[in-house]
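These are the residues of each chain, in order.
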Amino acid sequence: MADTAAPNGNGAQDGDLTPAINALAQYTKDLSFENPNAPRSLQPQEGGPQINIQVNVNAQQLAEADFEVELSLEGDARIKNEVLFKFELKYGGVFRMRNIPQEQIHPAVMIECPRLLFPFARQIVAEAVRNGGFPPLYIDPIDFVGLYRQKMEEAQAAQGQGAPLAS
């Protein structure tokens, strides 16, 4: 009889050293949709609205290998400074990191986990906008690598402001 590892239920073998990110749960933490000027805002408009969207990612460690990641999407649509609609979504997930080098955990949590959450959050926003009486809003894909780099540069700049200049 050959010694083979038994599957653990997630397709991985016991003793498998392949790096993996497993989504243990996904959920809506908070969802808000406002249509403050209805029914006037639902009437045909001249020209398209100006859409503004802000994206943020937060994470916290829950256990040695488990992390909660929260993707926040906030936005509004306006015509001539009149709000057509506003939305706010906080969509979360719990992820388990396996066999990922320590120096790669932070980028994996802040880039790969939101990348996995985004399609679900995008669909929730599209349906909320559609249910509010507007055509669905399909948010363009987000560059989570660029967002991560921007946040890291901002954090480094904030740390550097209080430090004396090197001579």
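Structural data are supplied above this passage.
Residues numbered from 1 in each chain as written. Predicted model: local features only at pLDDT ≥ 70, side-chain atom pairs only at ≥ 80, totals over all residues. Heavy atoms only, no water.

## Points about the sheet that holds strand β3 (residues 66–79)
Then, number 1: Strand order in the open sheet formed by 4 strands is β1-β4-β3-β2, with antiparallel pairing between adjacent strands. At either end of the open sheet lies a strand with only one pairing partner, and these are β1 (20–34) and β2 (50–61). Pairs of neighbouring strands in the sheet enclose a mean axial angle of 15°, with direction left out of account.
Then, number 2: Sheet topology places β2 next to β3; 12 bridges connect them, and they run antiparallel. When the bridges of β3 are listed, asparagine 58 appears paired with glutamate 70. (Pairing = 2+ DSSP bridges. Helix = DSSP H or I, 4+ residues; strand = E, 2+ residues; numbered from the N terminus. Axes fitted to C-alpha atoms, helices over the stretch in contact; angles between N-to-C directions.)

## Focus on the nonpolar core
Note that soluble globular proteins tend to have their nonpolar side chains buried in a common cluster.
Then, number 1: If you look at the biggest cluster of nonpolar residues, it comprises 32 residues, and the most contacted ones within it are Leu71, Leu73, Phe85, Met97 and Val125.
Then, number 2: If you list the elements that add at least two residues to this core, you get β3, β4 (82–98), α1 (102–131) and α2 (144–161).
Then, number 3: When residues in this core are grouped by element, the largest group, 11 residues, is from α1.
Then, number 4: Non-local contacts of leucine 71, meaning those with residues more than four positions away in its chain, are made with Val55, Asn56, Val57, Leu89, Lys90, Tyr91, Pro114, Leu117, Phe118, Ala121 and Phe144. (Core = buried A, V, L, I, M, F, W, Y, C linked by side-chain atoms within 4.5 Å. Buried < 20%, exposed > 50% of the residue type's maximum accessible area, 1.4 Å probe, protein only. Contact = heavy atoms within 4.5 Å.)

## Observations regarding the environment of serine 32
Then, number 1: Summarising the element assignment, serine 32 is placed in strand β1.
Then, number 2: Measuring from C-alpha to C-alpha, the distance between serine 32 and lysine 86 comes to 8.0 Å, with 54 residues separating the pair along the chain.

## Considering unusual backbone geometry
Then, number 1: In this structure, the amide linkage connecting alanine 38 to the following residue, proline 39, adopts the cis form with an omega of 5°.
Then, number 2: Mapped onto the fold, proline 39 is located in the loop between β1 and β2.
Then, number 3: If you check the backbone angles, lysine 80 has positive phi at about 50° while not being a glycine.
Then, number 4: You can see lysine 80 is positioned in the loop between β3 and β4.
Then, number 5: Of the residues examined, lysine 80 reaches a relative accessible area of 77% and is grouped as exposed.
Then, number 6: Not every positive phi belongs to a glycine, and asparagine 81 is a case in point at roughly 65°.
Then, number 7: Relative to the helices and strands, asparagine 81 is located in the loop between β3 and β4.

## Details of α1
Then, number 1: Between the first and last C-alpha of α1 there are 43 Å, a value that for 30 residues agrees with the 44 Å anticipated at 1.5 Å per step.
Then, number 2: The sharpest bend along α1 reaches about 45° and sits at alanine 108.
Then, number 3: Trailing α1 by a residue or two, glycine 133 shows a phi angle of about 105°, which is positive. (Expected span 1.5 Å × (residues − 1). Bend = angle between axes of the 7 residues up to and from the residue.)

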